[in-house]
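# Working through the structure, step by step
So the chains spell out like this:
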Amino acid sequence: LAIAWADGELHPEEELTVKEVVGLLPSMSAGEWALIELYLVAPIEASERDELVAILQNTIRSVEDKRIALDAVDAMIAADGT
């Protein structure tokens, strides 16, 4: 989501991509989905982004986890066509 907000806007294509990518993640809780919904409404502040990146880095435990994370980054970068 921080990537999607990088240009200061969340385009409809980016929002759809976020939902598609998040849907690929195993066992998302209702609370985690609620947090995603919150981030769809407002940009992520730099300090919070740094915290979320640290959490992500700690949760990538396998080659498959890394592949999923990189695929998500690629999808977000390409989502609005720029």
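Residues numbered from 1 in each chain as written. Predicted model: local features only at pLDDT ≥ 70, side-chain atom pairs only at ≥ 80, totals over all residues. Heavy atoms only, no water.

## Points about the nonpolar core
In this structure, Leu-1, Ala-4, Trp-5, Leu-10, Val-18, Val-22, Ile-36, Tyr-39, Leu-40, Ile-44 and Met-76 together form the largest nonpolar core, which totals eleven residues. Contributions of two or more residues to this core are made by helix H1 (12–23) and helix H2 (30–41). Counting residues per element, this core draws most heavily on H2, which supplies three residues. Sequence-distant contacts of Ile-36, defined by excluding residues within four places in its chain, comprise Leu-1, Val-18, Val-22 and Met-28. (Core = buried A, V, L, I, M, F, W, Y, C linked by side-chain atoms within 4.5 Å. Buried < 20%, exposed > 50% of the residue type's maximum accessible area, 1.4 Å probe, protein only. Helix = DSSP H or I, 4+ residues; strand = E, 2+ residues; numbered from the N terminus. Contact = heavy atoms within 4.5 Å.)

## Overview of the pattern of salt bridges
Enumeration according to the criterion identifies three salt bridges in this entry. A salt bridge links Arg-67 to Glu-64, with the shortest nitrogen-to-oxygen separation between them at 2.5 Å. Here Arg-67 pairs with Glu-64, and both are found in helix H4 (residues 63–78), just three residues apart, close to one helical turn. Take Arg-67: its relative accessible area is 39%, and that puts it in the partly exposed class. Notably, a salt bridge pairs Asp-71 with Arg-67, separated by 2.5 Å at the nearest N-O pair. Here Asp-71 and its partner Arg-67 are both found in helix H4, four residues apart, which amounts to about one turn of the helix. Residue Asp-71 is classed as partly exposed on the basis of its relative accessible area, which comes to 37%. Among the charged side chains, a salt-bridge network with shared partners connects Glu-64, Arg-67 and Asp-71. (Salt bridge = Lys/Arg side-chain N within 4 Å of Asp/Glu carboxyl O.)

## Digging into the environment of Val-53
Structurally, Val-53 can be placed in helix H3 (residues 46–59). Through-space distance from the C-alpha of Val-53 to that of Glu-15 is 19 Å; in sequence the pair is 38 residues apart.

## So, the environment of Ile-44
As for its position among the elements, Ile-44 is in the loop between H2 and H3. In contact with Ile-44, not counting residues within four places along its chain, are Leu-1, Ala-2, Tyr-39, Arg-49 and Leu-52.

## Remarks on the side chain of Glu-14
Within the fold, Glu-14 resides in helix H1. Nearest to the buried, unbridged Glu-14 among oppositely charged side chains is Lys-19, at 13 Å. Side-chain polar atoms of Glu-14 contact the backbone nitrogen of His-11, separated by 2.7 Å. Contact partners of Glu-14, with chain neighbours within four places excluded, come to Ala-4, Glu-9, Met-76, Ala-79 and Asp-80. (Lys, Arg positive; Asp, Glu negative; His and termini not counted. Polar contact = N/O pair within 3.5 Å; in protein donor to acceptor, adjacent residues only side chain to side chain.)

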